[in-house]
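Next come the chains, spelled out residue by residue.
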Amino acid sequence: MDFLIKTEQFKTFSELKTINNPHYSILVLEGRTSFSIDTNLYECSGKNIIFLTPYQVLQWQNAEFESLYLLQFHGDYYCIEYHKKEVACNGILFNNIYAEPFVPVSDSVFEDIIQAIFNIKKLENTTESYNQSIIKTYLQLILALCSKEKQINSLEIDEMDSISPEISDFKEVLDANFIQNKSVAFYADYYALSIDVFSKKIKKKFGKTPSKLIQERMILEAKKRLHLTYKSIKEIANELGFDDEFYFSRYFKNHVNVSPKVFREKVGISIVAK
């Protein structure tokens, strides 16, 4: 890797056409934009923070920025799993396939985040341990502020969400069954719905088709096991229900754009790996 943590400021989105690398990325932007992440389309306006995990692909479709900042850090520098007791961001800001990968923030929170980025920028090229501790404190502040905003927004959405109450537990059902059951028909049958009706309800609630969610849940689990365990790729492929590691590798590369081997080499194995 060429850096462990880095901040950049951009004047136009054309300066940052795509993001696809082994780092965690936080984009702090003000303006109106449309973009895709792993082929899923999104739009946002105002002050928003976008979160990307390693090798998620972001591409701008259209954008009018007043400001755009990018903060990237490697998992070896700050492990979101290791620090989960301090800042609960894994599954909230990162690695959440069921929610939009960005969070709108208030003016005051936006300014606090920008200031934290400026403070990191001043210290990011220093190597003294105390300066690195200060940088990580600012990074934790950014994650904590955004986690709080995301959870508040999620509670408000849940309170207003009356879409298809009969599939309200779909996340739990998918989490429990995605390895053994990869077909949309299984989940439609589970809810006693036709595939067409079930698919429309899921798309309306989550903004993605059920087949897309099943694929993303599988890839999320594959990434997790590559990063958080020392198990071989063959073992992981077998645990995830693939006939052989070569088919698993093709499946993974088709969705992530790098092979499981490259993903593990570039992203690394976490310090909490078992």
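**Student:** How would you summarise the overall build of the chain if you had to cite specific residues and measurements?
**Tutor:** Secondary structure summary: the chain contains nine helices and six strands in total. Relative to the compact-globule value of 19 Å for 274 residues, the chain shows a C-alpha radius of gyration of 19 Å, a close match. Each of the three principal axes of the chain carries a C-alpha extent, and together these read 55 × 45 × 35 Å. Sequence-distant contacts in the chain: of pairs separated by 6 or more residues, those separated by 24 or more amount to 73%. With 33 positive and 36 negative side-chain charges, the chain shows a separation of 4 Å between the mean positions of the two kinds.

**Student:** Run through the pattern of salt bridges, naming residues and quoting values.
**Tutor:** The full count for this structure, using the stated rule, is 15 salt bridges. Two residues, Asp107 and Lys47, come together in a salt bridge whose shortest N-O distance is 3.1 Å. Placement of Asp107 in helix α1 (residues 107-123) and of Lys47 in strand β4 (residues 40-52) is noted, with a sequence separation of 60 residues between them. Among the salt bridges present, the one from Glu239 reaches Lys231, with a minimum N-O distance of 2.8 Å. By relative accessible area, which is 30% here, Lys231 ends up partly exposed. Here the residues in one salt-bridge network are Asp175, Arg217, Glu221, Arg225, Lys231 and Glu239, joined through shared partners.

**Student:** A description of the confidence of the model for the chain should follow, citing residues and the corresponding values.
**Tutor:** With 96% of its residues at a pLDDT of 70 or more, the chain shows a mean pLDDT of 93. Summarising per-element confidence for the chain, the mean pLDDT is lowest in helix α2 (residues 129-160) (87) and highest in helix α4 (residues 184-190) (98).

**Student:** Lay out the side chain of Asn40 in plain terms, naming residues and giving numbers.
**Tutor:** Relative to the helices and strands, Asn40 is located in strand β4. For Asn40, the side chain forms a polar contact with the side chain of Glu216, separated by 2.7 Å. When residues no more than four places from it in sequence are discounted, the contact partners of Asn40 are Phe35, Lys208, Lys212 and Glu216.

**Student:** Lay out helix α3 (residues 170-177) in plain terms, naming residues and giving numbers.
**Tutor:** Those residues of α3 that sit buried are Phe170, Val173, Leu174 and Asn177. Seen from one end, α3 has its buried residues packed into an arc of 95°, which puts them on one side.

Rules and cut-offs
Residues numbered from 1 in each chain as written. Predicted model: local features only at pLDDT ≥ 70, side-chain atom pairs only at ≥ 80, totals over all residues. Heavy atoms only, no water. Helix = DSSP H or I, 4+ residues; strand = E, 2+ residues; numbered from the N terminus. Rg over C-alpha atoms; globule rule 2.2 N^0.38 Å. Contact = heavy atoms within 4.5 Å. Lys, Arg positive; Asp, Glu negative; His and termini not counted. Charge placed at Lys NZ, Arg CZ, Asp CG, Glu CD. Salt bridge = Lys/Arg side-chain N within 4 Å of Asp/Glu carboxyl O. Buried < 20%, exposed > 50% of the residue type's maximum accessible area, 1.4 Å probe, protein only. pLDDT = per-residue confidence, 0-100. Polar contact = N/O pair within 3.5 Å; in protein donor to acceptor, adjacent residues only side chain to side chain. Arc of directions from axis to C-beta.

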